[in-house]
Structure formats: C-alpha cells, structure tokens
Amino acid sequence: MRAYIAKSLLQVIPVLLIVSLIVFILVRVTGDPVALMLPETATAEDRAVLTQALGLDQPLYTQYIKFIGSALQGDFGTSFRYGESALPLVLERLPASFELAVAAMFFAVIIAVPLGVISAVKRNTFTDLIISSLSVVGKAMPNFWMGIMLILLFSVMLGMLPVSGRGGMEHLILPAFTLGVGLSAQMTRLIRSSMLDILNQDYIRTARSKGIFEIVVIGKHAFRNGLIPVVTIMSLQFTSLIGGTLITETVFAWPGLGQLLVVAVNTHDMAIVQAAVFVIAFIVVISNILTDVVYRLLDPRIKYN
Amino acid sequence: MNRHKWFTSGITLLITAIILAGCGAPSTDGSKDSATSTSSKVLTIANATDIESFDPHNNNNTASEAVLVNVFDYLLKNDSQQKKVPGLATSWEKVNDTTWRFHLREGVTFHNGDPFTAEDVKYTIERVAKDNTLKQNSYFKNIKEVKVVDEHTADIITDGPDPLLLNRLSKMGAGILPSKYIEKNGIEAFLKNPIGTGPYKFSQWIKDDRVVLDKNDKYYEGQPKWDQVVFRSIPEASTRVSELLAGSIDIASGIPSTDIERIQGEDGKKIVKAPIQRVLQLILRQSQGSVTADPKVREAIDLAIDKKGIVDSIAGGAGIVTRTSVTPGNFGADPSLYEKTLYDPAKAKELLKQAGYAGEGPTLTLSVSSIYKEYAEVVAAMLDKEGFKIKLDVLEPSAFSERYSSKSFKEMFMIGIGNSLFDASNNYNRYLLEEAKGETDYNNPKVEKLLQHALTNLDTASREKEYQQVQQILAEDRPAVYLFQMEGIYGTGNGVNFQPRSDEMFYAEDITPAK
C-alpha cells in the first residue's frame, strides 16, 4: 500500500510538468498581453519597452526554463493585472470555491439519494419514468440559464435570497443549488443502477424471504452497500467542481477560482492563468490518488501492485 | 462493517465541512439593506469589472479610475463639463514654455494624518514619469522634473512645450500618493493599505467581489455625503439588473439595451444615460493597392451605412451620430460635424459604379473584436446590400488587441476609441505619418503640418483652429468612418440622485441621497 502511494506521488511530477508546458505555450501563442495593458494611443516604442521589461522578448524556451525554475520555488510570476504575486492570488480564492463545491455536493446528495433509491425500488413504474425524465432535464439545463431563473424567482420576485456575491449562508443557497441540480441528475442515475444491482443479489432475496419489512430490507441491507460506488464518484465530481464552476461563479458574482480564471483569460493575465491551472491540476491529481486509495480500501478484491 | 465505517465517516466529513464553510464565510457588511434604508447612508454601485489595483500609476482601466478618484485626488479636476477646476492645487500659471507652477492647497492631510506637501507632488509625478514599466508612463514621460519651490509650491518642467500638461494632471496616473508613507513602508505595503487625500478612505478589497470605502472625516472640503461607498463587481449584466431590481444596489452600470424597458417599467427604478468618451468607428486603409485607397470607395462605405438605424436598433437608442470623433467637451471639437450623419445608399451604389465596380462589387475584410460583433454584422449587411462583399473577421478581444498593436489588419477594422485626455490630439495623432504607417497609411501633407504644429502649440485659440481644420479635412478624406458616440446606460434606484459623467467616473460626492 505504501509503495503504491509513493509510486502514485512520483507520477504526479511528470503530469504537472506536462500540464504546465501546455498551458505555458497556449497562453503565449494566443495573444499579446502588452497590447491589452497599454492605452490605445501607446506607441510602438512604449510597447517594446514594456515587452522587454516583462521578459516577453526572450525565446520561448528561455522563458519556460525561467518559469519552471521560479515555479519550483513557489513563484509563478507576477499578475499583469493586479501587479501582485500570482500564486497567493490563486490560493486566496480556494476557500470560496471550496465552500461552493461542498454546498453544491450537499444539494446533489440530498436530491439524488432519495430519488435514486425510489426509482430503483419502483423500477419500470410511472414514478421511475418521472424521475428518469427529471434527471435528463436536470442534466440538460444549462447552469447559467437556471441560475438566472432562480435569481428572478427567489431574489427579484420573492425577495427571499440575495441575488449575488459571497457572504453568509443565504448567499450560498442559489449558486450551490444551481450547481447541485446538474450534479444530482448524474448521481440519481448512478444510484439507481447501483441499487438495482444490489436488489437482485441473493442476500436481499434471503432477507425478504425471512419476512423482514421491505423498508428495512431497502434501508438497512441494500442502501448501505449501494452507496459505495457513489461515494467514490462523488469525490471525483468534487474535484471537477473546484475548477469547473466558471459559469456559475460568473452568474452569481462569486469570487472563486473560476471567476478569477475567466477574468485572467480575458485580460490575458499569463501568470494567473498558469498558476490557476497548475493549482487545479494539482488538486485533481492528488484527489485522484486519494480516491484510488479509498476505493482500494473499500474493495479488498483490488490488489496494490 | 469496514465499509459502513467509510461511508459514515464520509458523510460526517461532508456535514462538518458544510458547517465549517458556513461559519468561515465572511459576514455580510449590511450591503443587503444598504439601499433600502437611507439612514445608514451607504452607497452601493455595481460595475462589470473589478479594479485592477490601488496603484493609480500602474492601471489603465476606466472602471478602476472610476473607483480610485474617491481615494486619490488630482492637482486639478475636470468638472462635469470637463473644465479644469482646482483640486489639490488652488491655482496654477505658466512660468515659461516648459514650466508650470502649481500653488498647493494648505491644511490637507493624507488618510494617515501626514500633511500633503510639494514633496508628495514631486514623488508622485516623477515616479510615473520615470518608471517605464508603469502602465501610465506613456502619458507622463515628457515630464522632465518636478521642482519643490517651497512647501506649498511646485514647478513641473516638461522636456518641450506641452499644451496637454493640465489634461495629463487631471487624469489617472496623476493621483497624488503619500511620499513619506511609501518611502517608509514600501509600495507593496502601500498597495495593501492605500491612503490618499480623497473624501473616502480604503477599508476593504475582496477581489472580484467588492471594494469598500469609508468616509474621510478630515476631508478638506468638509464631511463627505456617504458613510460608506461600496463598489461591487458583478460581471454578468443580467445579474446586475437583478440586483438593482431586488433593491440591493443603488446604481448599476453597463445596462444592456435589451433591459432598458424592463427597468423603466419597474416602480422606483430608472434609466439614466450620458454620452461617453468613446466613438465607434471604421478605420479604413489607404495604402497603395488596397481597395479602400480609392476615395470613392471610402465615401461609398460612409454613405451605405445607416448610422441612425444602428443606434436605434442595436444600441437601444443609446448613441449620438457624429462625423467627428472629437465630441463636445473635448478640446478642438467642431460642433458643425457633431450630431450629423451621411446616409445615401443610392449615391453609394453610384460611387461604386464610378470607381469601376459596375457588376461585381469590391471584396473587403472587416475585422472586429467580439465585443462589437453585433454592430459589425449589421454594418456588413448594410454594405453587402449596396454591392460590397464583406468578409467578417471576428476576433477574441486579446487577439484583436494584438493584431491592432501590430497593425496587421486588412482594409477595414471596427473599434471604439476613447479619449482620456479630452483633447483632439488623442484622436488624431494616429494620422501623423509615422503613426499611420501600416494602419491607415494616411498621407496628407496639410494635415501632417497642422497636427505637428498643434502638438507643441501653446496658443489655445490657434491650436483649436488647427484641430478644427484637420477635422474638416478628415471628414472628406475618410481615413475613418464614424458610426456614433456611445452612451453609458445606468440603472438607478430611487434612493439616489445620479447624473452620469462623460468620463464614466463615479465621484461619490456628486451622487446625492434622494432624501
């Protein structure tokens, strides 16, 4: 087990290097930040001076070597937009994104678990059909559209919840619900098939034949075991939430990593884009390893070689 | 049972995390009820973008300046008509062609209590003039030196006659910084805890969320009107509109033209508009061999476009047609070309025929940044209708900027050009031979002579004439076809009286509580 973890951790290094190289090249071939930084009336000379000052006149490989050298020391360069060190700017956004991701996961679970279980128990009935259709709708509904509709209903018309921004719990509800609904659609289907699988197992049939109440059979014997694969999938989805909430964060003016990244891409703020993608990649890689470990602990049939 | 333990602990962890997240979130600072209760006197304004930093010298963003003007003062200010009025300088005079003397206001203190003196002027202006990595440097690099005459008098010396010095000193980049504070603590510490002499002082900045400013009790012009001013950044326009309708903000900027009616139909909300310093225009190439080198083709382009129609339809009425980019309020404006437009599709067709395109019309490429995509599509359709063949080249903003600064567009590109100096030179320097190279390749010796002279002409009256002459010539030569002057559209609640400014600044002191 320890050897497995050590090996996985070693594999992180090439992955992060490749990610950094791809991002590095992409942000440099897609436009010139200097053009966006200076006023329209700036002369060619002004641009040359600033390009040189930022080190952007040097060959790409020199820039990359410099970048890797500093990145190893935790220095991802200076944000052009804010004029501050990029990594702290990215890290300071993590709590907001994390908070949103946790809350979204909460909504996803409280919606998906009962719906998934019910639809498995009542498989091929009208109820099952309704739940399946709902989850298709939930999956297909674009986040931004749903966000705007929720704002109109709960904030503008009913005045129950704040429209946007980050603050107390009440600010969290709408954006988290928006994200959670999309997630829950996927999870409902997963729980349904996982539960169906278990409901067909011999030990369930045995339990039923012993005359145990159906609710106990489902709640005690089937439900617990049916959720194991779901927990694994949840952790994977959680990491994608951390980096992938761009649209929802923009709609709700939520000051998280996603919004930072959107603005950085628009303003061609290279250092921020690089640092943010690196941090997201790091989180994804590490939690993949963790998920793997948890999964192996849960299922002893998997070997650790 | 091992499996159950994992599951239970997973759920427990999740619930704990939610509780922690809820506790850890910053508390709301009452922004929700700020707009509804006028007694708290909190002004909340929503912009589409956040400020870049609190460094007025290393910033090139109107939305930033709109916030920063409340913290940092200039030596002189522009009033709402863009006339120069005293700021931190009470009066100023020309000593000779390269020296201006400024008499500074006495008894002014920075937010930390340091007195404001001529040393601060020297430090501030020389920093932005000498450090060429600062984004505002290009506006100030012609300043050679600032001499401290005495504690309340400073001479600003330029490397040649500069008719624009006062314009430069009343814009972003000239915000006066505290020299002693920065020399002692360093610029990094200053940017985390900025201080100026303005009516509002820094309280809090949560990036991409809000800037909070508190009133400065010791402001030299007396008690500020608001206890607190909050600038929120809300990128999504429909969210800004919703915040306004929900009553949680007082002013929302950048209202889409499609939302105007919705806001006006709401009780207690209204739309206010003001022309801004930005003219949407088509820049045309006149280089040898280019289709648009033919003046008849350029005139045909101008006549084929129904500018009024564009303003009324896509801009939702928020725009003023013009044949010049030097609009009223800017030095050198020629009112005879303002609020005028040419539209004559029949004549446009005729001109094309005369230019030798009897059957097949000329093919042109129109490049545009995606932010003006809709306008470009309509322009292209109008030109197509009169016989042109337009290839539309829509670019991402950063790709557009790169092509723009490397001057690699083809016959035509669309751009909205602003003017933060309020002077015709800002619009016309691009037609100087040297600058026009590769962009328009415009070459008119008469214009060149007038523009070159006006650059250093300190005689205001004759300088104004020079620019008016240039304008008349350009209106005929058409290195650019002007579509319209844009207007800023704001939504406001009934708690405030707000008259937007053409420079798009939010001077909180000019915005008054309604009761």
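Residues numbered from 1 in each chain as written. Chains lettered and ligands numbered in written order. Predicted model: local features only at pLDDT ≥ 70, side-chain atom pairs only at ≥ 80, totals over all residues. Heavy atoms only, no water.

Novice: Sorry, what's going on with unusual backbone geometry here?
Specialist: Residues apart from glycine generally show negative phi values, whereas peptide bonds are mostly found in trans. A positive phi angle is found at Gln82(B), which is not glycine, with a value near 65 degrees. In this structure Gln82(B) comes out as buried when scored by relative accessible area, which is 9%. (Buried < 20%, exposed > 50% of the residue type's maximum accessible area, 1.4 Å probe, protein only.)

Novice: Explain the UniProt feature "transmembrane region" (unreviewed entry) in chain A to me, please; I cannot follow it from the model alone.
Specialist: Residue and element names in this part refer to chain A. Taken from the UniProt record, the annotation "transmembrane region" (unreviewed entry) applies to residues 12-31, 100-121, 142-160, 172-191, 227-252 and 272-295. Overall, residues 142-160 shows 79% helix and 0% strand. The separation of its end C-alpha atoms is 23 Å. The span residues 172-191 is 100% helical and 0% strand by assignment, and the distance between its end C-alpha atoms comes to 26 Å. (UniProt positions renumbered as here; feature names shortened; annotations may be inferred. Helix = DSSP H or I, 4+ residues; strand = E, 2+ residues; numbered from the N terminus.)

Novice: Any chance you could explain the domain arrangement of chain B here in plain terms?
Specialist: Accessible area lost on assembly of the parts is the figure often given for the size of an interface. Residue and element names in this part refer to chain B. When the domains of chain B are assigned, the result is domain 1 (40-51 + 198-268 + 494-514), domain 2 (72-189) and domain 3 (276-486). The straight-line distance from the C-alpha centre of domain 2 to that of domain 3 is 35 Å. In this complex, domain 2 contributes 12 residues to the contact, which on the side of domain 3 involves 12 residues. Across the interface of domain 2 and domain 3, roughly 1,000 Å² is buried in total on both sides, 65% from carbon and sulfur atoms. When the buried surface of domain 2 facing domain 3 is broken down by residue, Gln82, Pro163 and Leu164 rank first, second and third, together holding 43% of it. Here domain 2 is connected to domain 3 by zero salt bridges. Seen at the junction of domain 2 and domain 3, the total is two residue pairs in polar contact (both at pLDDT 80 or more). In terms of residue class, the side of domain 2 that touches domain 3 is built from four nonpolar, three polar and five charged. (Domains from an automatic or database assignment. Contact = heavy atoms within 4.5 Å. Buried area = accessible area lost by both parts, 1.4 Å probe. Salt bridge = Lys/Arg side-chain N within 4 Å of Asp/Glu carboxyl O. Polar contact = N/O pair within 3.5 Å; in protein donor to acceptor, adjacent residues only side chain to side chain. Nonpolar A, V, L, I, M, F, W, Y, C, P; charged D, E, K, R; others polar.)

Novice: I tried to follow the environment of Leu196(A) on my own but got confused; where do I start?
Specialist: Tracing the backbone shows Leu196(A) in helix 9 (residues 169-199). Those residues in contact with Leu196(A) that sit more than four places away from it in its chain are Ala120(A) and Arg123(A).

Novice: When you look at the interface of chain B and chain A in this model, what are you seeing that I'm missing?
Specialist: The interface is formed by 56 residues belonging to chain B together with 60 residues belonging to chain A. Both sides of the chain B and chain A interface together cover about 5,200 Å² of buried area, and 59% of this is carbon and sulfur. In this assembly, chain B and chain A are joined by four salt bridges. Note that Arg93(A) is salt-bridged to Asp208(B), the shortest N-O span being 3.1 Å. On the surface where chain B and chain A come into contact, there are nine residue pairs in polar contact (both at pLDDT 80 or more). For the side of chain B that touches chain A, the secondary structure elements donating two or more residues are helix 1 (2-24), helix 4 (137-140), strand 10 (228-233), helix 8 (237-246), helix 14 (397-405) and strand 16 (412-418) of chain B.

Novice: Just to check I follow, could you spell out the packing of helix 7 (residues 126-140) of chain A against helix 9 of chain A for this structure?
Specialist: Packed helices, taken two at a time, are described by the angle between their axes plus the distance between the axes. All names here are of chain A. For the pair helix 7 and helix 9, interaxial distance at closest approach is 7 Å and the crossing angle is 140 degrees. In terms of orientation, helix 7 lies oblique with respect to helix 9. For the crossing formed where helix 7 meets helix 9, the hand is left-handed. Of the residues in helix 9, those in contact with Asp128, Ile131, Ser132, Ser135, Val136, Gly138 and Lys139 of helix 7 are Val181, Gly182, Ala185, Gln186, Thr188, Arg189 and Arg192. Across the contact of helix 7 with helix 9, the residue classes tally to four nonpolar, six polar and four charged. (Axes fitted to C-alpha atoms, helices over the stretch in contact; angles between N-to-C directions. Parallel < 35°, antiparallel > 145°, perpendicular 65-115°, else oblique. Left-handed = near helix turned anticlockwise from the far one by under 90°.)

Novice: Is there a simple way to think about helix 8 of chain B in this case?
Specialist: It helps to recall that an α-helix has 3.6 residues per turn; residues three or four apart then point in one direction. Residues and elements named next belong to chain B. Most of helix 8 sits inside the fold, with nine of its 10 residues counted as buried. Within helix 8, the full set of buried residues consists of Ala237, Ser238, Thr239, Arg240, Val241, Ser242, Glu243, Leu244 and Leu245. Following helix 8 by one or two positions, Gly247 has its phi on the positive side, about 85 degrees.

Novice: Is there a simple way to think about the UniProt feature "domain: Solute-binding protein family" (unreviewed entry) in chain B in this case?
Specialist: UniProt records the feature "domain: Solute-binding protein family" (unreviewed entry) at residues 85-435 of chain B, using the numbering of this structure. Along residues 85-435 of chain B the backbone is 30% helical and 26% strand, and the end-to-end C-alpha distance reaches 33 Å.

Novice: Is there a simple way to think about the pairing of strand 17 (residues 480-492) of chain B in this case?
Specialist: If a strand is regular, its side chains alternate between the two faces of the sheet. All names here are of chain B. Most of strand 17 is tucked away: 13 of the 13 residues are buried. Where strand 11 (residues 251-252) lies against strand 17, two bridges are found, and the strand directions are antiparallel. What sits directly across from Ile251, in strand 17, is Thr492. Relative to strand 17, strand 12 (residues 270-284) runs antiparallel, the two sharing 11 bridges. Among the inter-strand pairings, Val272 is bridged to a residue of strand 17, identified as Tyr490. Summarising the sheet, strand 13 (residues 319-321) and strand 17 pair through three bridges and their orientation is antiparallel. Following the sheet pairing, Gly319 is matched in strand 17 by Met486. (Pairing = 2+ DSSP bridges.)

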